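Examining the three-dimensional arrangement
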Amino acid sequence: MDTLCPNHRAPFTCLKRQIPPAYKRRETVYYAHDKLDDFISTINRHLQPLFMQIRKGMSEEDGRAHYAVVNLAETEVTKMASDYTEIELELFRKTMDLILLSENGFASSTDILNLADKLKTKKMKKKEAEQVLKVFVEDKWLSEKNGEYTLHTRCIIEMEQYILSNYQDVARKCNICRSLAVQSQVCESCGIGMHLPCVRKYFKAQTEPRCPKCNEFWSCDIPGMSRMNSQSP
């Protein structure tokens, strides 16, 4: 089931826009589920004067579709916002560095907390850093599981262009859905990446696991599926 996630507390925008009275009308709108993309395109045309847009993303955990309302007038991550302090933003940027530079798209809580007393803005106690991480999870900028942190779907949708521009050496788009892939598998032969849900969906329809680009044997374990009885030639 699709989820519509409003941009309720965007931490990297320095512009707060007032909605004109003409846009404050409430209307009940109905749409056919198979026409959702057309429906969103219609909404986006009305949001354009407000420099807003609904963008679609995919959960890297389960492949479910998510939608986020994005402020197109927001600046890069280095700009401040009223929701977070400068030191909190620095901790987030360093956490994002760890996640995007990792091999699996995760950063351990230990590694993140070890950065707390190395921040340039101001040293942060580990107890304080734990609370800040908790807020980032609550605000859906980070996801946490068993002490491992990754970027939340909301974060990936809203910051995709920033990440692709500022992490060009490591950031890659999924070869299947063409959106930013943080948690991904990479072909050992040609280097393309695919989201884990995209890997599962793509190879489910294949007789043997071969890279969709170079056709070499896909050596990574396919999530949710037993290893196919195929061997490299």
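What this report covers is the structure whose coordinates are included nearby. Everything numeric in this text was worked out from a predicted model, so none of it was measured.

**Brief notes about unusual backbone geometry**
The backbone phi angle of phenylalanine 51 is positive, close to 60°, even though this residue is not glycine. Structurally, phenylalanine 51 is set in the loop between helix H1 (36-47) and strand E2 (52-58). On the basis of relative accessibility, which here comes to 43%, the residue phenylalanine 51 falls in the partly exposed class. The phi angle at asparagine 215 is positive, at roughly 70°, despite the residue not being glycine. For asparagine 215, a relative accessible area of 49% translates into the label partly exposed.

**Brief notes about the pattern of salt bridges**
The full count for this structure, using the stated rule, is two salt bridges. With a shortest N-O distance of 3.0 Å, arginine 154 and glutamate 158 are connected by a salt bridge. In this pair, arginine 154 and glutamate 158 both sit in helix H5 (residues 153-166), four residues apart, roughly one turn of the helix. Arginine 154 gets classed as buried once you look at its relative accessible area, which sits at 4%. Arginine 210 is paired through a salt bridge with glutamate 208; the nearest N and O atoms lie 2.6 Å apart. Owing to a relative accessible area of 18%, arginine 210 belongs among the buried residues under this scheme. Accessibility expressed as a relative area gives 29% for glutamate 208, which makes it partly exposed.

What counts and what doesn't
- Residues numbered from 1 in each chain as written.
- Predicted model: local features only at pLDDT ≥ 70, side-chain atom pairs only at ≥ 80, totals over all residues.
- Heavy atoms only, no water.
- Helix = DSSP H or I, 4+ residues; strand = E, 2+ residues; numbered from the N terminus.
- Buried < 20%, exposed > 50% of the residue type's maximum accessible area, 1.4 Å probe, protein only.
- Salt bridge = Lys/Arg side-chain N within 4 Å of Asp/Glu carboxyl O.

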